[in-house]
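# Notes for the structure review
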Amino acid sequence: MVEDLQIACNQEYYIAKIYGCNDFRKKIEGFGIEVGKKIVALKSDADGNLVFSVEGFKRNCTFPKSYLSNLSLVAASDPQCQGYIINELNTVNVSLFQTKESFATGLFGGEENAKFENYDINITYLPQVDYIFGDDYANKRFRNLVLAEKTDVFVAVVDFHKLETELVPVVQLMDLGVKIVLVIRGYCEENEDGLHVDLNKMSKLLGVPIVHFNEADETGESRENVIRTILSAYAGDNPDMRYVHVNYGRQVERHIRMIQKELEGKKGYDFNASSRYMAISLLEEDRIVHSFNTPCKSCNTVKCFVKIHSAVLGKQFNNHVYYVLKQARRSYIDGLMSKVTGVRKSQWDSEKADSVLLHKTWGFPLFLLMMAAIFCATFELGRFPMEWISNAMA
């Protein structure tokens, strides 16, 4: 396998594997590129584009050289090329993640490599985080690994009794346009509120295969079932696998699409992450994603056009777009749980309080008012025990 091959003109190469998000796969399919086909690079131009021919495709195609980073190529002249392709297809790269409060899973026994039938499974353990975005080391490393690693399937291990909370990072990753498998531990017929949860319906709504896993199972049957689900998602054979994303509302979606269009028109954009995920990350002021985008030549600021969109949305919602998106995800999960339980879930009291106490305009004055009330209450309420002490010593 030659993953980082500097392709030479007028030489034949086999496509051994295609990485990248669903956006990239769709775009590359438009050129007729599929695993096992031959391509021949004909020439390259000064703009960094590559002109090539594809086996079985009548016309020549052009795409940026940066796309090669998501293609695994094998030289057709190599006598072992077919063996390399089979080996590459039988290697599955899995990124496993959990939330902070979740105890470490024994699904792969902490090992970084696993063998199952003809497949070699490489496991990357992502840092345990409750929310993908954030400036903590764990959050930054999580996002770095997500964007840098060539992952075939993301595996989320969640606990059934904390399902709503632990779905948050899963919903965030859905915007990445990647394959996700949801592994649920401790499943029972009813949740902690006594409601039946229809996991089959949840799987279809999320577009994510869901499988149960019993950590205490000594027969290995539960583990095997999980791995087979992962492999079916990897092969694209799972009927529940779709690419779904959160709808953030008409106004926000319009600005996201505008940023996507700007990103996709950028020279050298490689689609390792979906343009939608990158656009949302830029709106949320993710410093890591900002560093991937070159500064504006006219004002020397990173993607000044994103700041304009963010300011417009902030004015419309009277709140920072980060909190607008966060609330939309929370509402999406609440709506999802309502559909799979058949009972409408009322908005959490804590979220109602947050909408007032963290308000862009009224949040700080309310904070000062509460501090003043506590300050006054300290002296007023403290007067009574002081009088009791004085009377006792008199």
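Quick notes on the rules
Residues numbered from 1 in each chain as written. Predicted model: local features only at pLDDT ≥ 70, side-chain atom pairs only at ≥ 80, totals over all residues. Heavy atoms only, no water. Helix = DSSP H or I, 4+ residues; strand = E, 2+ residues; numbered from the N terminus. Buried < 20%, exposed > 50% of the residue type's maximum accessible area, 1.4 Å probe, protein only. Contact = heavy atoms within 4.5 Å. Areas by Shrake-Rupley, 256 points an atom, 1.4 Å probe, with all protein chains shown as cover. Phe/Tyr/Trp six-rings, centres within 6.5 Å; stacked < 30°, edge-to-face > 60°. Expected span 1.5 Å × (residues − 1). Bend = angle between axes of the 7 residues up to and from the residue. Arc of directions from axis to C-beta. pLDDT = per-residue confidence, 0-100. Core = buried A, V, L, I, M, F, W, Y, C linked by side-chain atoms within 4.5 Å. Pairing = 2+ DSSP bridges. Axes fitted to C-alpha atoms, helices over the stretch in contact; angles between N-to-C directions. Parallel < 35°, antiparallel > 145°, perpendicular 65-115°, else oblique. Left-handed = near helix turned anticlockwise from the far one by under 90°. Nonpolar A, V, L, I, M, F, W, Y, C, P; charged D, E, K, R; others polar. Polar contact = N/O pair within 3.5 Å; in protein donor to acceptor, adjacent residues only side chain to side chain.

Let us look at the overall build of the protein chain. Scanning the protein chain from terminus to terminus reveals 14 helices and eleven strands. Burial status across the protein chain gives 44% buried among its 394 residues. The long-range share in the protein chain, meaning contacts at least 24 apart out of those at least 6 apart in sequence, stands at 68%. Carbon and sulfur atoms make up 54% of the accessible area of the protein chain, which totals about 20900 Å².

To continue, consider the packing of aromatic side chains. Counted according to the given criterion, the structure contains twelve aromatic pairs. Arranged with centres 6.4 Å apart and planes meeting at 65°, the rings of Y131 and F133 form a pair that is edge-to-face. By the burial criterion, Y131 is buried, and F133 matches it. Where Y131 meets Y322, the ring centres are 6.2 Å apart and the plane angle is 75°; that geometry is what we call edge-to-face. Taken together, the residues span a long stretch of sequence, with Y131 in the loop between β8 (119–125) and α3 (137–148) and Y322 in helix α12 (residues 321–341) at a distance of 191 residues. By the burial criterion, Y131 is buried, and Y322 matches it.

Moving on, we get to helix α14 (residues 363–393). An α-helical turn contains 3.6 residues, so any two residues separated by three or four positions project in the same direction. With 31 residues, α14 should cover 45 Å at 1.5 Å per step; its first-to-last C-alpha distance of 45 Å lies within 8% of that length. A maximum bend of about 30° is found in α14 at R383, where proline P385 lies one to four positions downstream.

With 15 residues, helix α8 (residues 250–264) should cover 21 Å at 1.5 Å per step; its first-to-last C-alpha distance of 21 Å lies within 8% of that length. Of all the residues in α8, the buried ones are V252, E253, H255, I256, I259, Q260 and L263. Down the axis, α8 shows its buried residues gathered within 165° of arc, on one side only. In α8, the exposed residues that point more than 90 degrees away from the buried face are R250 and K261. Its buried side turned inward, α8 meets α9 (275–283), α11 (304–317) and α12.

Within the protein chain, residue pLDDT values average 84, and 88% of them lie at 70 or more. Between residues 298–302, whose pLDDT stays under 50, and residues either more than four places distant or in other chains, the model counts nine contacts.

Counting residues in hydrophobic clusters, the biggest one holds 60 residues, and the most contacted among them are F154, L163, L167, L182 and M202. Top contributing element to this core by residue count: α12, with nine residues. Beyond its immediate chain neighbours, meaning those up to four positions away, L163 contacts V158, I184, V197, M202 and M337. Within the second largest apolar cluster, 23 residues are counted, among which are V94, L107, V153 and V181.

Moving on to the pairing of β8. The side chains of a regular strand alternate between the sheet's two faces. Pairing of strand β6 (residues 91–97) with β8, which is carried by six bridges, proceeds in the parallel orientation. By the bridge assignment for β8, T91 is matched with D120. Note: strand β7 (residues 113–116) against β8, four bridges, orientation antiparallel. If you follow N113 over to β8, its bridge partner there is N122. Hairpin connection of β7 to β8: two residues between the antiparallel strands, including E117 at a positive phi of 50°.

Working note: a packed helix pair is described by the angle between its axes plus the distance between those axes. Contact pair α8 / α9: the axes reach a minimum separation of 8 Å and the direction vectors enclose 115°. When the axes of α8 and α9 are compared, the pair comes out roughly perpendicular. For the pair α8 and α9, the sense of crossing is right-handed. On α9, the residues that touch E253, I256, I259, Q260, L263 and E264 of α8 are S275, R276, M278, A279, I280, L282 and L283. Residues belonging to the contact of α8 with α9 are distributed by class as follows: eight nonpolar, two polar and three charged.

Turning to the pairing of strand β1 (residues 12–18), a few remarks are in order. Burial analysis of β1 places six of its seven residues in the buried class, the great majority of the element. Relative to strand β5 (residues 71–75), β1 is paired through five bridges, and the arrangement is antiparallel. Residue pairing across strands places I18 opposite L71, the latter belonging to β5.

Here N10, not a glycine, exhibits a phi torsion of approximately 65°, which is positive. Within the fold, N10 resides in the segment before β1. By relative accessible area, which is 60% here, N10 ends up exposed. Within the chain, E285 stands out as a residue other than glycine whose phi angle is a positive 60°. Position of E285 relative to the elements: it lies in the loop between α9 and α10 (287–291).

Moving on to the side chain of S102. Assignment of secondary structure puts S102 in the loop between β6 and β7. Side-chain polar atoms of S102 contact the side chain of R185, separated by 2.6 Å. Those residues in contact with S102, other than ones at most four positions away along the chain, are Q128, V157, D159, K162, E166 and R185.

Turning to the sheet that holds β5, a few remarks are in order. A sheet is described by the order of its strands in space; here five strands give the open sequence β4-β3-β2-β1-β5, paired in antiparallel fashion. At either end of the open sheet lies a strand with only one pairing partner, and these are β4 (61–64) and β5. For this sheet, the mean angle separating the axes of adjacent strands, direction not counted, is 45°. The strands touched by helix α2 (residues 81–89) are β1 and β5; relative to β1, the strand with the most contacts, the crossing angle is about 15°.

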